[in-house]
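As a plain string of letters, each chain reads:
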Amino acid sequence: MEIPQDVYDHVVGVATEMANASSHGDTRSQWRLHDQLRQYCDALAVEGRDHPFLWETLGDFTSDSGVAISYYERALRQAQQLGLIEGEASILLELARRHVDLAEPERAYELARRADAAARQTDDLDLRREISQFLLEQS
């Protein structure tokens, strides 16, 4: 399932604004934009236009790892339902990173192994390399 262009453009635009706010130390704008993105994700879900890209991006810009994990898990379920193997691998890697943040190395390693298995089914060599590096660092 392709990401509709209007959705992609909107999410990337908000994400870019959040990154810019963060680099300028503008926490208030960063939180406002994060809330705006969360509301957009919720609205699209209600409209039946849900996509894993929405929730993965929201997770990427969520500082609380516990909250981010819930977004990634939602994205993962959707990616699996849609058969988006590359998305599944990417989301599993992000979940693994968040579990490292929560001092849960065994869970992180398990998720990274699943990410590796999924990534091996793709042609994305950069993602495969990134996952392999993560696994090496965690072993």
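To start, this report covers the structure provided alongside it. Predicted model, so just to flag it, every value in this text is computed and none were measured.

Some details on helix α6 (residues 105-119)
Along its 15 residues, α6 runs 20 Å from first to last C-alpha, staying within 8% of the 21 Å computed at 1.5 Å per residue. For α6, the set of buried residues is A108, L111, A112, A115, D116, A118 and A119. Buried residues of α6, seen end-on, are gathered within an arc of 160° and therefore sit on one face of the element. Contacts made by the buried residues of α6 are with α5 (85-101) and α7 (125-138).

Some words on α7
The first and last C-alpha atoms of α7 sit 20 Å apart over 14 residues, in line with the 20 Å expected at 1.5 Å per residue. What α7 keeps buried is the set L127, I131, F134 and L135. Seen from one end, α7 has its buried residues packed into an arc of 100°, which puts them on one side. Residues of α7 that are exposed and angled more than 90 degrees away from the buried face: L125, D126, R129, L136 and E137. Check the buried side of α7 and you find it contacts α5 and α6. With a side-chain oxygen positioned 3.3 Å from the backbone nitrogen of D126, the residue opening α7 is D124.

A look at the nonpolar core
Grouped together as the largest cluster of nonpolar side chains are 36 residues, with contacts concentrated most on V11, L37, L54, W55, I91, L95 and I131. Of all elements in the fold, only α1 (5-23), α2 (27-47), α3 (52-60), α4 (65-82), α5, α6 and α7 reach the threshold of two or more residues within this core. At seven residues, the largest contribution of residues to this core is made by α4. In contact with L95, other than residues within four places in its own chain, are I69, Y72, E73, L76 and L111.

Quick notes on the environment of Q5
With respect to the secondary-structure elements, Q5 resides in helix α1. Sequence separation of Q5 and Y71 is 66 residues, and the distance between their C-alpha atoms is 21 Å.

Basis of the calculations
Residues numbered from 1 in each chain as written. Predicted model: local features only at pLDDT ≥ 70, side-chain atom pairs only at ≥ 80, totals over all residues. Heavy atoms only, no water. Helix = DSSP H or I, 4+ residues; strand = E, 2+ residues; numbered from the N terminus. Expected span 1.5 Å × (residues − 1). Buried < 20%, exposed > 50% of the residue type's maximum accessible area, 1.4 Å probe, protein only. Arc of directions from axis to C-beta. Contact = heavy atoms within 4.5 Å. Polar contact = N/O pair within 3.5 Å; in protein donor to acceptor, adjacent residues only side chain to side chain. Core = buried A, V, L, I, M, F, W, Y, C linked by side-chain atoms within 4.5 Å.

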